[in-house]
Amino acid sequence: MFDYFLSLNPILQAFIAGLFTWFCTIFGSAFVFFFKQANQKLLDSMMGFAAGVMIAASFWSLLEPSFKFAKQSSTEWYWLPTLIGFLAGGLFLRIIDYIVPHLHLSKPIEEAEGIQPQHALSKSMLLFLAITIHNIPEGLAIGVAFGAIATLGEGADTLPLTLSAIGLAIGMGLQNIPEGSALSMPIRAEGHSRMKAFTYGAFSAVVEPIGAVIGALFVISMTSILPYALAFAAGAMIFVVVEELIPESQSNGNTDIATLSLMLGFSLMMVLDVAFG
């Protein structure tokens, strides 16, 4: 099975990896069928864990390879593509954050963000859009990582890069499990049915396989943008972590367990990347 996966086109590999991370979100969202209400300490630790995974993935799986690929094409100012891509990724998410109506998990609906957020959409939809925004850079990151494989050329040893991309997908999938629960259970706590809460949680990550394919296609069609694309995905993920995940995990008084969970998530993703890469 593993050998068959390695033989596939990188775009198809990215799509399968995106489906895997989506399935992990579905799995996490299904917890709503087994628990009556969300434990706030558990939710905060989940958000901290997700933040740690995304921070580690941003460096080990995206920024470090971005520097490596940029240096291969230019020894002078080789860090510039990584810098530009990283800042552009953060700016892109800021624009999305400004435009798309959404609501952070711990906020009342009156504090929803985006263009006329609280007048047009329900609280459940606003929460759904907030998590969906998180998942956009994750899908792009997976796609860019697998798309990079095709840039090595025929006859090159693609195994290390493929294993690194697989490690990234596993890390993203693991952090999607608590993220799915972190959305479905608060929606259930609002009084909605378990099925409705599950549906919102499950489909919040449908953008990941789509984003994975888009990211892979962009890199393969324009190989020169690879350092920029890797850093772009990292910048977008760091924006999500700093703008929402860390503040959310620290806003309910569970700072110690949230911080320790962040360190656990970071350590796990770091080990995955080193072991697979």
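Residues numbered from 1 in each chain as written. Predicted model: local features only at pLDDT ≥ 70, side-chain atom pairs only at ≥ 80, totals over all residues. Heavy atoms only, no water.

You'll find the protein entered in an unreviewed UniProt entry as ZIP family metal transporter, with Rodentibacter myodis given as the organism. In UniProt, the protein has this text filed under Sequence similarities (unreviewed entry): "Belongs to the ZIP transporter (TC 2.A.5) family." Quoted verbatim from the Subcellular location (unreviewed entry) heading of the UniProt record, the comment on the protein is "Cell membrane". (UniProt positions renumbered as here; feature names shortened; annotations may be inferred.)

Asks: Go over the packing of aromatic side chains, please, and point to the residues and values.
Replies: With the rule as written, the count across this model stands at 9 aromatic pairs. A ring pair is formed by Phe 67 and Tyr 78, whose centres lie 6.4 Å apart and whose planes are at 75 degrees; its orientation type is edge-to-face. With a gap of 11 residues between them, Phe 67 in helix α3 (residues 40-73) and Tyr 78 in the loop between α3 and α4 (80-99) connect regions that are remote in the sequence. Pairing Phe 128 with Tyr 200 gives two aromatic rings, centres 5.8 Å apart and planes at 70 degrees, and the pair type is edge-to-face. Remark: Tyr 200 occurs in helix α8 (residues 194-203) and Phe 128 occurs in helix α6 (residues 123-150); sequence separation between them is 72 residues. (Phe/Tyr/Trp six-rings, centres within 6.5 Å; stacked < 30°, edge-to-face > 60°. Helix = DSSP H or I, 4+ residues; strand = E, 2+ residues; numbered from the N terminus.)

Asks: Describe the side chain of Thr 82, and please don't skip the residues or the numbers.
Replies: Relative to the helices and strands, Thr 82 resides in helix α4. Classification of Thr 82 as buried rests on a relative accessible area of 2%. Setting aside its immediate chain neighbours within four residues, Thr 82 contacts Leu 63, Ser 66, Phe 67 and Ala 231. (Buried < 20%, exposed > 50% of the residue type's maximum accessible area, 1.4 Å probe, protein only. Contact = heavy atoms within 4.5 Å.)

Asks: So what's going on with the environment of Ala 189? Residues and values would help.
Replies: Note on placement: Ala 189 falls in helix α7 (residues 159-189). Residue Ala 189 is classed as exposed on the basis of its relative accessible area, which comes to 54%. It is 9.7 Å that separates the C-alpha atoms of Ala 189 and Val 32, two residues lying 157 residues apart in sequence.

Asks: So what about the pattern of salt bridges? Which residues, and what values?
Replies: All chains considered together, the criterion is met by 2 salt bridges. Its salt-bridge partner being Asp 97, residue Arg 94 comes within 4.0 Å of it at the nearest N-O pair. Remark: Asp 97 and Arg 94 occur in helix α4; sequence separation between them is 3 residues, near one turn of the helix. For Asp 97, a relative accessible area of 6% corresponds to the buried category. One salt bridge in this structure joins Glu 190 and Lys 123, with 3.1 Å as the shortest N-O distance. Taken as a pair, Glu 190 in the loop between α7 and α8 and Lys 123 in helix α6 lie far apart in primary sequence, 67 residues in all. With relative accessibility at 45%, the residue Glu 190 sits in the partly exposed group. By relative accessible area, which is 24% here, Lys 123 ends up partly exposed. (Salt bridge = Lys/Arg side-chain N within 4 Å of Asp/Glu carboxyl O.)

Asks: Before we move on, can you summarise the nonpolar core with the specific residues and values?
Replies: Formed by 51 residues in total, the largest nonpolar core has its most connected members in Leu 62, Phe 146, Leu 168, Met 172 and Leu 245. In terms of residue count, the dominant contributor to this core is α3 (13 residues). If we ignore the near neighbours within four places in the chain, the residues touching Met 172 are Thr 21, Val 53, Met 54, Ala 57, Glu 138, Ile 142 and Met 237. In terms of nonpolar packing, the next biggest core, distinct from the first, is built from 15 residues, Ala 30, Val 32, Leu 103 and Phe 198 among them. (Core = buried A, V, L, I, M, F, W, Y, C linked by side-chain atoms within 4.5 Å.)

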